[in-house]
Amino acid sequence: MTVEVVVALIGQLVLVLGAVIGTYTKLQVSINVLNVKLENVSATLSGQAQEVRRIEERLGKLESRVAMIEGSLQR
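Residues numbered from 1 in each chain as written. Predicted model: local features only at pLDDT ≥ 70, side-chain atom pairs only at ≥ 80, totals over all residues. Heavy atoms only, no water.

A. Summary view of a nonpolar patch on the surface. Residues Met1, Val5, Val6, Leu9, Ile10 and Val14 make up a contiguous nonpolar surface patch of roughly 590 Å² in combined accessible area. The partly exposed category is assigned to Leu9, whose relative accessible area is 46%. (Patch = residues over 30% accessible without salt bridge, like charges linked within 9 Å, V, L, I, M, F, W, Y side chains within 5 Å. Areas by Shrake-Rupley, 256 points an atom, 1.4 Å probe, with all protein chains shown as cover. Salt bridge = Lys/Arg side-chain N within 4 Å of Asp/Glu carboxyl O. Buried < 20%, exposed > 50% of the residue type's maximum accessible area, 1.4 Å probe, protein only.)

In structure tokens:
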């Protein structure tokens, strides 16, 4: 191999490594964005689950009151 060929190959290698590093960086940024979105979705679902539990508690209390009212009406 001549020096020119070696220099050309090194130049190509540098270009390829630059492209790989650039792609890797873009993927890392995309992964970070997706992680933030996932955390937001998780927090939203957690909040909704808490709201469902509160609604279920209120519904249970209402059901108890209805049962008491029905019981007193049957007497």
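Once the structure has been displayed, the description carries forward.
B. Seen up close, the pattern of salt bridges. With the rule as written, the count across this model stands at one salt bridge. One salt bridge connects Arg54 with Glu51, and the closest N-O pair in it is separated by 2.7 Å. Remark: Glu51 and Arg54 occur in helix H1 (residues 3-74); sequence separation between them is three residues, near one turn of the helix. Among the residues examined, Arg54 registers a relative accessible area of 41% and is labelled partly exposed. A relative accessible area of 33% places Glu51 in the partly exposed class. (Helix = DSSP H or I, 4+ residues; strand = E, 2+ residues; numbered from the N terminus.)

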